[in-house]
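# Geometric and topological summary
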Amino acid sequence: MKKYFLFTISLILLMLFNSCEETTIEPEPQFVQVFFKYGFFNELNTFNNTYKKDLVLDGSVTVTFWLTADEQNRIISKANEIDFFTLPDTLEGDTTLMVIDPNPGYQTIRIKNENNDKTVNWIYPLNYNDSSVVKALELYDFMISIIEAKPEYKKLPPSRGSYL
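Keep in mind it's a predicted model, so treat the numbers as computed, not measured.

### Comments concerning the packing of aromatic side chains
Counted according to the given criterion, the structure contains 9 aromatic pairs. Residues Phe36 and Tyr140 carry aromatic rings whose centres are separated by 5.5 Å and whose planes lie at 85° to one another, so their mutual orientation is edge-to-face. With Phe36 in strand 1 (residues 33-38) and Tyr140 in helix 3 (residues 131-149), this residue pair connects regions lying 104 residues apart in the sequence. Sitting over the ring of Phe142, Lys78 keeps its end group 5.6 Å from the ring centre.

Shown next, in the form of structure tokens:
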């Protein structure tokens, strides 16, 4: 009986000791801040260190989220490569195409660093013959690939259902 008592006390102390360990990781400084609204309700906001995932039928989930220094450098490099900071503020839609139903609404990419603060908005359908549209969508796809590669994103529940 004494063995079990000592074992139980030891186990409790071990659990208490382990629970006192620091389990949160401090975010890296966000020298490149991003607001990126895409799809219907997905949203990366490193101004607030959050990511909101649209779960469609199950609402949405918002978690603490930030970009590493390497990811920030890659985003700013890609933005500079496509001349993001010289793109028009609004990318015009293609009026000859049928409107998408349901339409995901405005898509937004805002990137801010010490030298620049630029926001580009658009609504579908887009004119894919416009070089500004092609550049913005290249950055759009690039940023989604960074988001979806992160462990924090992979831990989120899958979306259930669709809008189409």
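### Considering the side chain of Asn42
Residue placement: Asn42 occurs in strand 2 (residues 42-45). The class of Asn42 is buried, set by a relative accessible area of 15%. A polar contact of 2.8 Å, which involves the side chain of Asn42, links it to the backbone nitrogen of Asp54. Ignoring sequence-local partners within four residues, the contact set of Asn42 consists of Phe36, Lys37, Tyr51, Lys52, Lys53 and Asp54.

Reading the values: rules and limits
Residues numbered from 1 in each chain as written. Predicted model: local features only at pLDDT ≥ 70, side-chain atom pairs only at ≥ 80, totals over all residues. Heavy atoms only, no water. Phe/Tyr/Trp six-rings, centres within 6.5 Å; stacked < 30°, edge-to-face > 60°. Helix = DSSP H or I, 4+ residues; strand = E, 2+ residues; numbered from the N terminus. Lys NZ or Arg CZ within 6 Å of the ring centre and 35° of its normal. Buried < 20%, exposed > 50% of the residue type's maximum accessible area, 1.4 Å probe, protein only. Polar contact = N/O pair within 3.5 Å; in protein donor to acceptor, adjacent residues only side chain to side chain. Contact = heavy atoms within 4.5 Å.

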